[in-house]
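# Geometric and topological summary
The primary structure of each chain is shown beneath.
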Amino acid sequence: MLRFLTSFAIFVILFINTNSFCYANAQDINVQAKMYAQQGTNALKDKRYDDAIINFKKAFELKPDNYAIMCALGISYLYKGDLKQGEGYLLLATKTNSKEWFAYANLGDLKRAQGLTPFAVDYYNKALNIPSIPESKKTEIQKSLQTCIEEQKTREASIKTPEGKWITMDCGNIWKRVYFKGNNQHWIMTHSYMGEDAVNYKWTKIITIAFYDKNTYNFALDDIFNKMTNFIKQSAKQLAGEAIIQKISSNENELIFESKITDHGQSTICRIFKGKKGFYTATFEHKKENFTPLERTEAIKILKSVEEI
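Residues numbered from 1 in each chain as written. Predicted model: local features only at pLDDT ≥ 70, side-chain atom pairs only at ≥ 80, totals over all residues. Heavy atoms only, no water.

Helix and strand counts for the chain stand at 11 helices and nine strands. Buried residues in the chain amount to 46% of all 309 residues. Excluding contacts between residues fewer than 6 apart, the proportion of contacts in the chain whose partners are at least 24 apart in sequence is 51%. Surface exposure of the chain reaches about 16,100 Å², of which carbon and sulfur atoms provide 50%. (Helix = DSSP H or I, 4+ residues; strand = E, 2+ residues; numbered from the N terminus. Buried < 20%, exposed > 50% of the residue type's maximum accessible area, 1.4 Å probe, protein only. Contact = heavy atoms within 4.5 Å. Areas by Shrake-Rupley, 256 points an atom, 1.4 Å probe, with all protein chains shown as cover.)

Structure, rendered in structure tokens:
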């Protein structure tokens, strides 16, 4: 549940209940669409999100160009937990009317909740640049924006931390280390492909490697596999998708599996292996729904080049 969307959700209810916003005159929307929108508003107030969606959809079918109804549908889906549909309707609202702030503000909240800080900052700035934004909401969004900026500064500071080197990758010069955080017991680092901007999520391929000291983290490979796949399944549920996970190979020292979340446009191959100091996870991600056989072979080859030194 995205709790910090509450004030915006209430505000969209006020929008829908305010004749000057949605229903400026009889020509703006017909009586039937207004009735469905009101029923959807009541359901949203009562947290009956399925009923809200049903009614807002009926209103939307009658008035497919109505900005407020698109926003109401987006909010209803977000509260239901269907982030993909919620984001879709909010994006549609921004394309329908780029001179209103509400959809941008909610997209900023959504991206912040997903940890996509650069995108959240962009949406917040777009909302703040709309002249019609109420002063009270402007202050609220400015606070959220400032928090995002501070979070981004903290992330950038950790990226620049000059820590030691524990692993080597025989990948030529195409992979560039862009992120490192941790200590001798546990660390994580990310490499981007051809110097892509992995920090701001502008990448097509990344490799993330993590280390867990055996004296602190005493897990079997299957335990690690189960922990990772459980996380993938939870993420899929939040993204309203399906987690598809398949083991590629497994022995007492190494386990390789492939995973994706349907309709998410991203797939992953992960290698879990034991070293003398502990265990490692090496993950290859690319922004494609599926690996081709050749891509899969190349990804596994790269992951197998990760070794303890």
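The rest of the description comes next.
A separate point is the side chain of Glu258. Within the fold, Glu258 resides in strand S6 (residues 254-261). For Glu258, the side chain forms a polar contact with the side chain of Arg296, separated by 2.6 Å. Contacts of Glu258, omitting those with residues within four sequence positions, involve Ile244, Ile245, Gln246, Ile248, Thr268, Ile269, Phe291 and Arg296. (Polar contact = N/O pair within 3.5 Å; in protein donor to acceptor, adjacent residues only side chain to side chain.)

Let's shift gears to helix H3 (residues 31-45). Its 15 residues place the ends of H3 21 Å apart at the C-alpha level, agreeing with the 21 Å of an ideal helix rising 1.5 Å per residue. Turning to H3, its buried residues number three or more, namely Ala33, Tyr36, Ala37, Gly40, Thr41, Ala43 and Leu44. The arc enclosing the buried residues of H3, seen along the axis, measures out at 165°, which places them on a common side. Note on H3: the residue one or two positions beyond its end, Lys47, has a positive phi of about 65°. (Expected span 1.5 Å × (residues − 1). Arc of directions from axis to C-beta.)

A separate point is the nonpolar core. Ranked by internal contacts, the top residues of the largest apolar core, which has 42 residues, are Leu73, Trp101 and Ile141. Within the residue set of this core, elements represented by two or more residues are H3, helix H4 (49-62), helix H5 (67-80), helix H6 (83-96), helix H7 (102-113), helix H8 (117-128) and helix H9 (135-159). Residue contributions to this core peak at 10 residues, all from H5. Of all hydrophobic cores here, the second largest spans 17 residues; its members include Trp187, Phe284, Phe291 and Leu303. (Core = buried A, V, L, I, M, F, W, Y, C linked by side-chain atoms within 4.5 Å.)

Attention now moves to the confidence of the model for the chain. With 78% of its residues at a pLDDT of 70 or more, the chain has an overall mean of 79. This model gives residues 1-27 a pLDDT under 50, and the stretch forms 66 contacts once residues within four places in sequence are excluded. Here residues 157-172 is a poorly scored stretch, pLDDT under 50, and it has 39 contacts once near neighbours within four places are set aside; other chains count. (pLDDT = per-residue confidence, 0-100.)

As a further point, take the environment of Gly241. With respect to the helices and strands, Gly241 occurs in the loop between helix H10 (221-238) and strand S5 (243-250). A residue is classified by how much of its surface remains accessible, and Gly241, at 25% relative accessible area, is partly exposed. Look past the residues within four positions of Gly241 in its chain and what remains in contact with it is Ala236, Ile261 and Thr262.

Let us now look at the environment of Lys137. Residue placement: Lys137 occurs in helix H9. Taking the C-alpha atoms as reference points, Lys137 and Trp101, 36 residues apart in sequence, are found 9.7 Å from one another.

Glancing now at the packing of aromatic side chains. By the definition in use, this model includes nine aromatic pairs. With centroids separated by 5.0 Å and ring planes inclined at 45°, the aromatic side chains of Phe211 and Tyr280 adopt a geometry described as tilted. Highlighted residues: Phe211 in strand S4 (residues 205-213) and Tyr280 in strand S8 (residues 278-286), separated in sequence by 69 residues. Judged on exposure class, the residue Phe211 and its partner Tyr280 are both buried. Ring centres of Phe273 and Tyr280 lie 5.1 Å apart, and the angle between their planes is 10°; this geometry places the pair in the stacked category. Taking the relative accessible area as the measure of exposure, Phe273 reaches 5% and is therefore buried. (Phe/Tyr/Trp six-rings, centres within 6.5 Å; stacked < 30°, edge-to-face > 60°.)

Another point: the environment of Thr283. Residue placement: Thr283 occurs in strand S8. Judged by its relative accessible area of 12%, Thr283 is buried. Sequence separation of Thr283 and Ala299 is 16 residues, and the distance between their C-alpha atoms is 9.1 Å.

Let's shift gears to helix H11 (residues 293-304). Compared with the 16 Å implied by 1.5 Å per residue over 12 residues, the 17 Å span of H11 between its first and last C-alpha is a close match. Restricting attention to buried positions, one finds in H11 the residues Ala299, Ile300, Ile302 and Leu303. All buried residues of H11 project into a common sector of 160° when viewed along the axis, lining one side. The exposed residues of H11 that point more than 90 degrees off its buried face are Pro293, Leu294 and Lys301.

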